[in-house]
Amino acid sequence: MNFLAHFALSNKDKNLSVGSFLGDFVKGRLSGQYNQEIEIGIKFHRAVDAYTDQHLLTRLSKERFGTRFKRIGGIMTDIAYDHLLALSWDSFYDEPLSSFSKRVLEDVLAYKSLPRKAENLARIMLRKNSLENYKDEKFLREASLSLDKRLKGRTPIIEAPNKIIAVKKEFTPNDPLASNT
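So, here's what we can say about the structure. (Residues numbered from 1 in each chain as written. Predicted model: local features only at pLDDT ≥ 70, side-chain atom pairs only at ≥ 80, totals over all residues. Heavy atoms only, no water.)

1. So, the pattern of salt bridges
Opposite charge on two side chains makes pairing possible when the charged atoms of those side chains draw close. Heads up, the condition is: Think of a salt bridge as a Lys or Arg side-chain nitrogen and an Asp or Glu carboxyl oxygen that are within 4 Å of each other. What counts as a helix is a DSSP run of H or I of at least four residues, what counts as a strand is a run of E of at least two, and both are numbered from the N terminus.
Overall, the coordinates contain 6 salt bridges when judged by the stated rule. Across the pair Arg103 and Asp107 runs a salt bridge whose closest N-O atoms are separated by 3.7 Å. Linking Arg103 with Asp107, this pair stays in helix 6 (residues 97-110), spanning 4 residues, or about one helical turn. Members of the salt-bridge network, linked through shared partners, are Glu95, Arg103 and Asp107.

Here it is, written out as C-alpha cells:
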C-alpha cells in the first residue's frame with residue numbers, strides 16, 4: 001500500500017523500483033521467474049515491510065487509530081505515511097515529487113513482465129498521478145472509496161481519511177500543511 005515510500009527507498013534504480021512495486025503482487029518463494037535485479041527489489045520490499053511492521057513506531061501508529069480500525073490499521077498507517085512523505089517530500093529529495101511520480105511509474109510500466117493486476121494498477125496510478133496526489137486530503141478520500149469497493153465495505157476504511165487527518169493535526173496543529181484540503 002505504501003508505494004511512495006517503497007519507490008523513494010529504491011533510490012532511482014529502475015529494477016529496484018519495479019521489484020518494490022511487485023512486492024505487493026508477487027507472493028511465495030522467488031524461483032527465477034523474474035530477473036535477479038527484479039527479485040532483489042521484491043525481496044527488498046518484503047524486508048522493508050517486515051522491518052517496519054514490527055517496529056515500535058509503526059505499532060504505535062496503528063494503535064493511534066483505535067480499536068475500531070484494528071483490522072485495517074496497517075493499511076491506514078501505510079496511507080498516512082505516504083501522505084506525510086508526500087507533504088514533506090522537498091525536505092528529503094532533490095527531484096520534485098511531480099517528476100519522480102511520473103518517472104517511477106513509467107519505469108514500472110516499461111517492464112514487460114508485470115502481472116496483469118500490477119500493470120492495471122500502475123496505469124491507473126500514472127493516469128491519476130496518485131503518488132504526487134497523496135499529499136492532498138481529497139485524494140485520500142478518493143483512494144479510500146476505491147479501497148472500500150475492493151474490500152466490499154466490510155471495514156471502516158471509508159472513514160480512514162478523516163481519522164488520518166485528525167491524527168495528523170494532533171501532531172501539527174500550527175502547520176499550514178496540516179490542513180491541505
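There's plenty left to go through after this.
2. Regarding helix 3 (residues 36-54)
The line we're drawing: Expected helix span is taken as 1.5 Å per residue step, with the number of steps being one fewer than the number of residues. With a 1.4 Å probe rolled over the protein chains alone, any residue whose accessible area is under 20% of its type maximum counts as buried; one over 50% counts as exposed, and the rest are partly exposed. The criterion used for residue contact is that any of the two residues' heavy atoms lie within 4.5 Å.
Taking 1.5 Å as the rise per residue, helix 3 with 19 residues should run 27 Å; its terminal C-alpha atoms sit 27 Å apart, in good agreement. Restricting attention to buried positions, one finds in helix 3 the residues Ile38, Glu39, Gly41, Ile42, His45 and Val48. Each element contacted by the buried residues of helix 3 is listed here: helix 1 (3-9) and helix 2 (14-22).

3. A closer look at the nonpolar core
We apply this condition: Buried Ala, Val, Leu, Ile, Met, Phe, Trp, Tyr and Cys residues form a nonpolar core when they are joined through side-chain atoms within 4.5 Å.
Within the largest apolar cluster, 43 residues are counted, with the highest numbers of intra-cluster contacts made by Leu4, Phe7, Phe21, Leu22 and Leu131. Looking at this core, the elements that each hand over two or more residues are helix 1, helix 2, helix 3, helix 5 (73-87), helix 6, helix 7 (116-128), helix 9 (137-150) and helix 10 (160-171). Here the element with the most residues in this core is helix 6; it accounts for 6 residues. Those residues in contact with Phe21, other than ones at most four positions away along the chain, are Phe3, Phe7, Val108, Ala118, Leu121, Ala122 and Met125.

4. A closer look at the environment of Asp82
Our working rule: Under the rule applied, a polar contact is a pair of N or O atoms within 3.5 Å (in protein, one hydrogen donor and one hydrogen acceptor; residues adjacent in sequence only if both atoms are side-chain atoms).
Within the element layout of this structure, Asp82 appears in helix 5. Asp82 sits in the buried class, given a relative accessible area of 0%. The spacing of Asp82 and Lys70 is 12 residues in sequence and 19 Å in space, taken between C-alpha atoms. Only 3.0 Å separates the side chain of Asp82 from the backbone nitrogen of Leu4, close enough to count as a polar contact.

5. Structural notes on the packing of helix 3 against helix 4 (residues 56-64)
Applied cut-off: Fitted lines through C-alpha atoms give the axes, limited to the stretch in contact for helices. The angle between two N-to-C directions lies from 0 to 180 degrees. Note on angle classes: values under 35 degrees are labelled roughly parallel, values over 145 roughly antiparallel, values of 65 to 115 roughly perpendicular, and the remainder oblique.
Here helix 3 crosses helix 4 at 65°, and the two axes come no closer than 4 Å. Accordingly, the angle class assigned to the pair helix 3 and helix 4 is roughly perpendicular. Within the contact between the two elements, helix 3 uses Thr52, Asp53 and Gln54 and helix 4 uses Leu56, Thr58, Arg59 and Lys62.

6. Details of the packing of aromatic side chains
Operational definition: Side-chain rings of Phe, Tyr and Trp, where Trp is taken by its six-membered ring, are said to pair if the distance between their centres is within 6.5 Å; with planes under 30 degrees apart they count as stacked, over 60 as edge-to-face, and otherwise as tilted.
Taken as a whole and judged by the stated rule, the model has 6 aromatic pairs. Their ring planes at 25° and their centres at 4.1 Å tell us that Trp89 and Tyr93 sit as a pair that is stacked. Residue class for Trp89 comes out buried when judged on its relative accessible area of 2%. When the ring of Trp89 is compared with that of Phe100, the centres are 4.7 Å apart and the planes differ by 45°; the resulting orientation is tilted. In this pair, Trp89 is assigned in the loop between helix 5 and helix 6 and Phe100 in helix 6, connecting sequence segments 11 residues apart.

7. A look at helix 2
Buried residues dominate helix 2, accounting for 7 of its 9 residues. Along helix 2, the residues that are buried comprise Leu16, Ser17, Val18, Gly19, Ser20, Phe21 and Leu22. Its buried side turned inward, helix 2 meets helix 1, helix 3, helix 6 and helix 7. Measuring from the side-chain oxygen of the N-cap residue of helix 2 to the backbone nitrogen of Asn15 gives 3.0 Å; that N-cap residue is Asp13.

None of the figures reported here should be taken as evidence of function without further support.
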